[in-house]
Amino acid sequence: MPREPAPAMRCAYHPDYYLELPPSHPFPMAKYPLLKARLQAEGLLAPGDLIEPREADLADLRLVHTDAYLEQLATGSLDPAAVRRIGVPWSPALWRRSRLATQGTLEAARAALEDGLAANLAGGTHHAFAGHGEGFCLLNDVAVAIRVLRRDGRLRRALVVDLDVHQGNGTAALFADDPDVFTFSMHGERNYPLQKMRSTLDVGLADGLGDEAYLALLDGHLEDIAGRFDPDLVFYLAGVDPARGDRYGRLALSDDGLARRERRVLDECRSRGWPLVVTIAGGYAATPERTAELHAIVFREARRLGPC
Ligand SMILES: [Zn+2]
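As a starting point, this report considers the structure included with it. (Residues numbered from 1 in each chain as written. Predicted model: local features only at pLDDT ≥ 70, side-chain atom pairs only at ≥ 80, totals over all residues. Heavy atoms only, no water.)

Below, the discussion takes up the packing of aromatic side chains. Using the criterion set out here, one finds eight aromatic pairs in the structure. Centroid distance Tyr-13 to Tyr-17: 5.4 Å. Interplanar angle 70 degrees. Geometry classified as edge-to-face. By the ring-pair criterion, three or more aromatic residues cluster together here, those being Tyr-13, Tyr-17, Phe-27, Tyr-32, Phe-136, Tyr-248 and Tyr-284. Sitting over the ring of Tyr-32, Arg-97 keeps its end group 4.8 Å from the ring centre. One cation-aromatic arrangement involves Arg-247 over Tyr-248; the distance from NZ or CZ to the ring centre is 5.6 Å. (Phe/Tyr/Trp six-rings, centres within 6.5 Å; stacked < 30°, edge-to-face > 60°. Lys NZ or Arg CZ within 6 Å of the ring centre and 35° of its normal.)

So, in structure tokens, the structure goes:
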């Protein structure tokens, strides 16, 4: 019997990653189905590559989040200030969506440990803390995945490479006292969140930064990290909000600069033999279509380079 060719890159996705929001809401929810459709149209996502997550188990979420916060999320009893801080109106569908996307990152991480490279077509909700959410983030998917895999003996050291333009404040706080999780965040220094938490390595960027300066900094810091830390798995938050023209980003990376960024991260992991899981994190281009186009870049580059 001929063997099936190995899937190019397994990707977690669920139709309910998409959630109807009020028309005036700034979050581009449509980017999730648009990204999936684009990857399929480009031949980057075959049916056999798809992982459809279920809702994350409460027992798994409790490894990161407090019982009180999870209870509020499950029952819709967050107070109005807590909902404002999250920035998305609570609904049962939002709670379900957050659990699906969190499980998606966990499933993608398991796939990455087997295949060397995998992705979630959502995730990277790095502004979620143990006891509260903010900045469109309810649950910290990467933190949940790390804690579950460690509980299950699949992982010891994890590296979080967070290149979303906003600091990974929730992730930094959750692993502040954990020497086995290296949190690396490169973000707009003057951008949200104004009060930064301390990551293992924070690189604050000036407004308006372009390709060459950004990539030179990234190169230097990846090199530095590799000399200090040897992870069993890398979580990449491939936010595309550093792109020029992003509504919230304030940086100025070109499409080519983003592609070079993705190659740099993928290459680093590949050359060091570090399994890599990609989450898409933020992106707020002029239209959801354009945002999805930018998110597709990392998948195109991953296909070009192949797995670790
Ligand atoms: Zn962001």
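Considering only enclosed or pocket space, the largest pocket measures out at about 430 Å³ in volume. As for the largest pocket, its lining consists of 31 residues, of which Phe-27, Gly-135, Phe-136, Cys-137 and Tyr-284 are closest to the centre. Counting only elements with at least two residues in the lining of the largest pocket, the list comes to helix 4 (80-86) and helix 5 (92-115). When residues of the lining of the largest pocket are assigned to their parent elements, the largest contribution, five residues, is made by helix 5. For the lining of the largest pocket, the per-class residue count stands at 16 nonpolar, 11 polar and four charged. (1 Å grid on protein atoms, 1.4 Å probe; cavity = no way out; pocket = protein on both sides within 12 Å on 5 of 7 lines; lining within 4 Å. Points joined across faces, edges and corners; volume = space filled by probe spheres on them. Helix = DSSP H or I, 4+ residues; strand = E, 2+ residues; numbered from the N terminus. Nonpolar A, V, L, I, M, F, W, Y, C, P; charged D, E, K, R; others polar.)

Looking at the element boundaries, Asp-60 is found in helix 2 (residues 58-61). Asp-60 has contacts with Leu-106, Val-144, Val-148 and Arg-151, leaving out every residue within four places of it along the chain. (Contact = heavy atoms within 4.5 Å.)

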